[in-house]
Amino acid sequence: MDTCSSDDMMSWFEELAMNAGSVQNETLKRILEMNHGVEYLEQWLGDVDVHDMDAEALQSLYRSVVPLASHADLDPYIQRIAEGETTPLLTKQPITTLSLSSGTTEGRQKYVPYTSHSSKTTLQTFKLAAAYRSRVYPTKEGGKILEFIYGSKQFKTKGRLSVGTATTHYFASPEFKLKQQQTKSFTCSPHEVIFSGDYKQSTYCHFLLGLFYSPQVEFITSTFAYGIVQALALFEDYWREICNDLYNGTLSPRITIPGIRASVLGLIKPNPCLATWVSSQCAELEGSGWCGLISKMWPNAKYVYSIMTGSMQPYLEKLRHYSGDHLPLVSVEYGSTESWIGVNMDPSSAFENVTFTVVPTFSYFEFIPLHRPLSDAVVGAGGATCDDYIEDDPVPLSDVKIGQQYEIVLTTFTGLYRYRLGDVVEVAGFYQRSPKLKFLCRRKLILTINIDKNTENDLQLAVQKGSQPLINSGAELVDFTSHADTKNQPGHYVIYWEIKGEVNEHVLARCCKEMDAAFVDHGYVVSRKTNSIGPLELCIVERGTFRKIMEHFIGNGATMSQFKTPRCTSNKVLLKILSLCTVKRFRSTAYK
Ligand code: AMP
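Conventions used here
- Counting starts from 1 at the beginning of each chain's written sequence and moves along it residue by residue.
- This being a predicted model, a pLDDT of at least 70 is required before a residue's local features are given, and a value of 80 or more before pairs of side-chain atoms are given or counted; all residues contribute to the totals for chains, interfaces and linings.
- Calculation of side-chain values draws on the structure's entire complement of heavy atoms; hydrogens and water are dropped beforehand.
- Only when DSSP finds a minimum of two bridges between them are two strands counted as paired.
- Every helix listed is a DSSP run of H or I at least four residues long, and every strand listed is a run of E at least two residues long, numbered separately from the N terminus.
- The rule is simple: take the accessible area with a 1.4 Å probe, protein chains only, and divide by the maximum for that residue type; under 20% is buried, over 50% is exposed, in between is partly exposed.
- Being near a molecule or strand, for a residue, means having at least one of its heavy atoms within 4 Å of it.
- Polar contacts, as used here, are pairs of N or O atoms within 3.5 Å; protein pairs need one atom able to donate a hydrogen and one able to accept it. Residues neighboring in sequence count only if both atoms are side-chain atoms.
- Accessible surface is estimated by sampling points in the Shrake-Rupley manner with a 1.4 Å probe; for residues, cover comes only from the protein chains shown.
- Under the scheme applied here, ten amino acids are nonpolar (Ala, Val, Leu, Ile, Met, Phe, Trp, Tyr, Cys and Pro), four are charged (Asp, Glu, Lys and Arg), and all others, including Gly, are polar.
- For every domain, the bounds stem from an assignment made automatically or drawn from a database.
- Classification of ring pairs uses Phe, Tyr and Trp, with its six-membered ring standing for Trp, and accepts pairs whose centres are within 6.5 Å; under 30 degrees between planes counts as stacked, over 60 as edge-to-face, and the remaining range as tilted.
- Sitting over a ring, as applied to charges here, requires NZ of Lys or CZ of Arg to be within 6 Å of the ring centre and within 35 degrees of the ring normal.

(A) Spatial organisation of the sheet that holds strand 5 (residues 162–164). Ordered in space as 2-1-5-4, the four strands form an open sheet in which the pairing is mixed. Edge strands, defined here as strands with exactly one partner in the open sheet, are strand 2 (111–114) and strand 4 (155–156). Here strand 4 runs beside strand 5; their pairing, made up of two bridges, is antiparallel. Along strand 5, the bridge assignment pairs phenylalanine 155 with valine 163.

(B) Region of the structure containing the pairing of strand 1 (residues 97–100). By the alternation rule, side chains of strand 1 split into Thr97 and Ser99 and Leu98 and Leu100, which are all buried. Sheet topology note: the strand 1/strand 2 ladder contains four bridges and is antiparallel. In the sheet register, threonine 97 faces strand 2, and the bridge partner there is tyrosine 114.

(C) Region of the structure containing the site of the ligand. Close to the ligand lie 18 residues, the nearest being Thr309, Gly335, Thr337, Asp423 and Gln562. Here threonine 309 contributes a side-chain N or O atom positioned 2.6 Å from a nitrogen atom of the ligand. Within the side chain of arginine 442, one N or O atom sits 3.3 Å away from an oxygen atom of the ligand. Look at the ligand: alone it shows 500 Å² of surface, and the protein chains cover 94% of it. Elements represented by at least two residues in the shell around the ligand include exactly strand 10 (334–335) and strand 18 (434–442). Considering only residue class, the shell around the ligand consists of six nonpolar, eight polar and four charged. Both of domain 1 (6–113 + 338–442) and domain 2 (138–327) provide at least three residues apiece to the shell around the ligand.

(D) Molecular detail of the packing of aromatic side chains. Taken as a whole and assessed by the stated rule, the structure comprises 30 aromatic pairs. Ring geometry for tyrosine 170 versus phenylalanine 176: centroids 5.6 Å apart, planes at 80°, classification edge-to-face. In this structure tyrosine 170 comes out as buried when scored by relative accessible area, which is 4%. Seen in terms of ring centroids, phenylalanine 212 and tyrosine 213 are 5.2 Å apart; in terms of plane orientation they differ by 70°. Their pairing is edge-to-face. Across the pair, exposure class does not vary: phenylalanine 212 and tyrosine 213 are buried alike. Grouping aromatic residues by their ring pairs yields a cluster made of Phe148, Phe207, Phe235, Trp239, Trp290 and Trp298. It is lysine 318 that lies over the ring of tyrosine 322; its NZ or CZ is 5.0 Å from the centre.

Right under this line is the structure:
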């Protein structure tokens with residue numbers, strides 16, 4: 001597998017997908033055999049001889065005796081591992097590394113066990129995805145990739161386990177180097193740039209090297225689309241200095257970390273011709289609001305490659321603006337710190353049609369069927385913790401139905417058993433017998449005051465609708481978040497917007513009203529009509545506020561590579577930043 005060609009990878013996957021159901025049973029059997037006797041599983045499978053059982057019977061027993069779990073259920077075990085306990089708690093193989101999930105979706109970072117299996121599946125995912133991409137968008141062997149990737153700070157727990165984000169572990173792993181050799185495309189930036197620990201210095205050097213190697217750059221990528229948009233916003237400020245460095249083969253004093261300076265200066269050489277060309281292009285692009293910047297600067301790039309689905313959709317308009325109309329935007333695979341899930345087999349599909357075909361060897365997957373209730377009768381009182389779905393019993397991968405929505409449950413090689421991931425997906429079809437999943441949203445409700453129930457996706461749609469007047473007037477919505485204010489009665493939604501461009505106050509007042517009307521959830525509509533939820537509040541924050549929020553997260557151990565703006569927050573520090581940066585407030589008055 002490690003030295004497979006693209007064709008081998010596709011045949012390997014074809015075979016797995018054809019037998020997805022039985023491959024899943026075998027995958028579960030392997031996980032349980034490897035971890036037989038660990039403390040967590042002993043509670044339910046203590047006297048079961050997993051080695052002798054048939055895979056089908058084992059999966060049915062497993063699903064009937066081991067309960068569904070949340071991160072909170074497994075956390076006490078993970079904490080004991082972090083403290084250095086060496087008895088087998090979740091896995092037989094000792095865990096020496098923990099990943100820190102980005103935590104930017106839930107507002108709290110979580111520890112997740114990381115093993116060499118995690119890097120191995122990352123390599124398999126990238127190679128498989130590269131095989132499908134190269135059928136549609138062939139790239140030159142030996143070309144370069146401009147990758148906006150960043151290692152996060154790493155630290156040790158009390159028990160001396162290394163902690164860092166999953167992407168950080170991967171960039172530091174031998175598999176990352178292997179991926180470059182085997183896919184024959186090499187990242188422009190050396191290790192020192194990726195691991196500088198200062199995202200601005202790294203970004204500057206990613207650009208400098210990306211431009212230095214510009215004719216060889218075959219594609220541009222970051223984990224999440226946000227990463228590229230954020231980097232290009234910095235390029236608007238840095239380009240003159242970068243051109244100066246390109247011209248002279250020097251490095252701006254803004255780069256202060258000795259390791260980065262030495263490694264970058266060892267790579268670049270003066271290139272006055274290229275620098276003069278880049279500089280004249282940038283001067284022109286600055287006048288046009290940087291439209292088509294990517295295709296101008298990297299004329300041989302075949303596509304931009306990043307996670308474009310889910311919470312990344314609000315950044316796509318900006319990304320399209322930067323990339324130009326003709327450069328394809330290709331959606332990256334679907335995975336999480338906990339496990340890889342599926343690959344995008346059809347790289348040319350528009351982001352709204354992107355699906356991820358489950359790779360049945362990565363983990364054992366189950367699916368909880370979800371139904372949205374028609375009335376609010378089933379919803380518990382108390383708001384914040386109530387859920388917006390009715391759920392059925394989980395089904396195995398072989399029993400999922402097209403058109404049905406599900407929450408994903410994982411049993412992983414890294415010691416998570418029947419673990420609720422919290423992502424909502426819809427089955428859009430099948431490749432052979434493996435489901436193709438459309439990512440919908442995080443399951444957790446984010447905006448709820450009483451009987452109202454809005455997910456991240458509902459908020460995203462309301463913001464999209466409500467921002468139309470702003471966009472029609474030529475301004476841009478840079479980023480947004482929200483807060484359910486229950487301190488003041490009646491409680492109400494507060495939506496924070498950072499905008500770029502001049503906008504008349506009447507336009508913003510209209511946006512506020514339209515956004516209020518755009519929440520179509522029955523509970524919200526009823527509550528607004530009876531005034532048990534007050535008028536929506538739109539707060540405009542000053543430019544740079546969301547960058548400050550990102551920097552706050554990065555300062556606390558998150559990485560740019562995995563950063564996602566929290567779409568709803570009750571975090572005191574964030575609310576303070578948002579409140580201090582609010583420059584205008586609007587309240588939607590009359591309702592419908
Ligand atoms: P992390 O906490 O950094 O591990 O983020 C993992 C989460 O990012 C997943 O559980 C999803 O909610 C989201 N995610 C990952 N890949 C995709 C994708 N291709 N499309 C949409 N959302 C994704």
